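Chain residues, written in single-letter form:
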Amino acid sequence: MPALVRRSVRPILLAAALLFSTIHLQAQEKQTSPGTLKIGFLMDSLKVERWQTDLDRFQKRAGELGAEVLVETAEGDDELQLRQAQKLLTSGVKVLVLVPHDAGKAVRIVSAAKAKHVPLLCYERLVRDPDVSFFIGVDASAVGYLQAFVISQRAPRGNYVLIGGSPSDINAKILHDAQMGVLKPMVDRRDIKIVSDTWTKDWDPSEAYAHMAAAIETTKGDVTAVVASNDGTAGGAIQALEDHKLAGKVFVSGQDADLAAIIRILDGTQTMTVYKPLSSQAKLAAEAAVAYAKGDTVKTIAAISIGNRAIPATLLAPVAVTKDNVKQTVIKDGFQNLETIQKSLPKEKWPQ
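Residues numbered from 1 in each chain as written. Predicted model: local features only at pLDDT ≥ 70, side-chain atom pairs only at ≥ 80, totals over all residues. Heavy atoms only, no water.

Enquirer: Just to check I follow, could you spell out the packing of aromatic side chains for this structure?
Expert: Aromatic ring pairs: the centre-centre distance and the angle between the two ring planes describe each pair. The tally for this structure, following the rule as stated, stands at five aromatic pairs. Centre to centre, the rings of Tyr275 and Phe335 are 5.2 Å apart; their planes meet at 50°, and the pair counts as tilted. Of this pair, Tyr275 sits in strand E11 (residues 273–275) while Phe335 sits in the loop between helix H11 (327–331) and helix H12 (338–343), and the two are 60 residues apart along the sequence. With a relative accessible area of 7%, Tyr275 lands in the buried category. Looking at Phe335, the relative accessible area reads 11%, which means it is buried. Grouping aromatic residues by their ring pairs yields a cluster made of Phe41, Phe58 and Tyr123. Its guanidinium or amino end placed over the ring of Trp51, Arg50 lies 3.8 Å from that ring's centre, counting from NZ or CZ. (Phe/Tyr/Trp six-rings, centres within 6.5 Å; stacked < 30°, edge-to-face > 60°. Helix = DSSP H or I, 4+ residues; strand = E, 2+ residues; numbered from the N terminus. Buried < 20%, exposed > 50% of the residue type's maximum accessible area, 1.4 Å probe, protein only. Lys NZ or Arg CZ within 6 Å of the ring centre and 35° of its normal.)

Take a look at the structure:
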């Protein structure tokens, strides 16, 4: 990450200005027979590629530590997610790991876990409740900053379209605030004009497509850049651009480093994505969950203030990925496979 980016990121959730923290388990890790400890993992959805990656890595590490992971997926249904939480709590899990659909409504899950004296760890999306035991994720403010910063460097003037994530996802709002932190001075100078600024229910690419198509129609195709908040919304926007013969002529951001996004970046229709170290995040989350399940202490060097309580947290730093560093980032880390990418592109577009 360029030094300018590192100096400019200002996390809005941190009690201390830290982007990295490392979990240190008080007790030594040791292998036990599978199923000794039960961990409940409540997923919002598995429709987006990155969430399956998170789950796979989490289960692998938890299994290595002798824990059994019971998984429930709500697919965007808040009432179902609450029932799934109650089911897992009744089944005897020692800890709950939660990716909430709606962080506001998920306070009920936090209360249910507290009533059962079960620690609750928030993964990626924080429920702003002081009874949350632990949070692990990537600082969303830093992600939003990178998206807007990289795009604004490529397109310092022109018409901008902002395609936000789900209005029920607190991270979507943090992303938007951080994006605007970069773009507002440019708007005030009249260097850029935001011609469309929309939310996308449940991060649905088809909604992003509709938002982009409407913006193209309103501006008669005069769009310079699209700040899309993840790779799914970027994909929907790019499809609309392709339908209007504008793909590759408009700068587009993303997030998650999905395979399709990496291929679009190398193909020239998407400008950048934000890579988050999901393997490390999932591994650390599994280690923290097992520690809580055993009643051990999890030590961190970061915290998030909620009310009068500091929630222990691990926050990992995101990385901007463009066609120039695909090989040095997502491929080097094993997050994406070089051969798979090469099969999808002509040789002249392979990552260097």
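Anyway, onward from the coordinates.
Enquirer: Would you explain the nonpolar core in this entry?
Expert: Side chains that are nonpolar tend, in soluble globular proteins, to be buried together. Counting 53 residues, the largest nonpolar core has Phe41, Phe58, Tyr123, Tyr160 and Leu183 as its most contacted members. The dominant element in this core, judged by the number of residues it contributes, is helix H10 (residues 278–294), at ten residues. Among all residues touching Leu183, those that are not within four sequence positions of it are Ala148, Ser152, Tyr160, Leu162, Ile192 and Val227. If you look at the next biggest cluster of nonpolar residues, it comprises 25 residues, including Ala85, Ile109, Ala112 and Leu315. (Core = buried A, V, L, I, M, F, W, Y, C linked by side-chain atoms within 4.5 Å. Contact = heavy atoms within 4.5 Å.)

Enquirer: I would appreciate a short explanation of the pairing of strand E13 (residues 302–306) in the present structure.
Expert: Side-chain positions along a regular strand alternate between the two faces of the sheet. Most of E13 sits inside the fold, with four of its five residues counted as buried. Between E13 and strand E14 (residues 309–316), which pair antiparallel in sequence order, lie two residues; one of them, Gly307, sits at a positive phi of approximately 65°. (Pairing = 2+ DSSP bridges.)

Enquirer: Please clarify how the packing of helix H5 (residues 140–154) against helix H6 (residues 170–188) should be interpreted in this entry.
Expert: When two helices pack together, their arrangement is given by the angle between the helix axes and by the axis-to-axis distance. Axis separation between H5 and H6 bottoms out at 7 Å; the angle between their running directions is 35°. H5 and H6 meet at a crossing whose hand is right-handed. Residue-level contacts link Ala140, Ser141, Val143, Gly144, Tyr145, Gln147, Ala148, Phe149 and Ser152 of H5 to Asn171, Ile174, Leu175, Ala178, Gln179, Val182, Leu183 and Met186 of H6. Across the contact of H5 with H6, the residue classes tally to eleven nonpolar, six polar and no charged. (Axes fitted to C-alpha atoms, helices over the stretch in contact; angles between N-to-C directions. Left-handed = near helix turned anticlockwise from the far one by under 90°. Nonpolar A, V, L, I, M, F, W, Y, C, P; charged D, E, K, R; others polar.)

Enquirer: Mind showing me how you'd approach the pattern of salt bridges here?
Expert: Once the charged atoms of two side chains with opposite charge are near each other, the side chains can pair. Enumeration according to the criterion identifies 17 salt bridges in this entry. The residue Arg125 makes a salt bridge to Asp44 at a minimum N-O spacing of 2.8 Å. In this pair, Arg125 sits in the loop between strand E5 (120–123) and strand E6 (134–138) while Asp44 sits in the loop between strand E2 (37–43) and helix H2 (49–64), placing the two residues 81 residues apart along the sequence. According to the relative accessible area criterion, Asp44 is buried, its value standing at 9%. Judged by its relative accessible area of 6%, Arg125 falls in the buried class. Three or more residues are tied together by salt bridges with common partners; here these are Arg50, Asp54, Glu124, Asp256 and Lys276. (Salt bridge = Lys/Arg side-chain N within 4 Å of Asp/Glu carboxyl O.)

Enquirer: Please clarify how the environment of Ile192 should be interpreted in this entry.
Expert: Looking at the secondary structure, you find Ile192 in strand E8 (residues 192–198). C-alpha separation for the pair Ile192 and Gly295, spaced 103 residues apart in sequence, amounts to 53 Å. When neighbours within four sequence positions are excluded, Ile192 is seen to be in contact with Ala155, Pro156, Arg157, Gly158, Tyr160, Leu183, Met186 and Val187.

Enquirer: Got a minute to help me understand H5 in this structure?
Expert: Along an α-helix, a turn takes 3.6 residues, which lines up residues three or four apart on a common side. The first and last C-alpha atoms of H5 sit 22 Å apart over 15 residues, in line with the 21 Å expected at 1.5 Å per residue. The buried fraction of H5 amounts to 13 of the 15 residues, a majority that puts the element mostly inside the structure. (Expected span 1.5 Å × (residues − 1).)

Enquirer: I would appreciate a short explanation of the sheet that holds strand E10 (residues 251–252) in the present structure.
Expert: Through backbone hydrogen bonds, the strands of a sheet pair up, either in parallel or in antiparallel fashion. Across the sheet, four strands lie side by side as E8-E7-E9-E10; this open sheet has parallel pairing. Looking at the sheet topology across the chains shown, the edges are occupied by E8 and E10. Looking at chain direction, strand E7 (residues 158–163) and E8 are connected through six bridges and run parallel. Looking at the pairing, Tyr160 lines up with Ile194 of E8. Packed on one face of the sheet, H5 meets E7, strand E9 (225–228) and E10 and runs near 170° to E9.

Read these as geometric descriptors, not functional statements.
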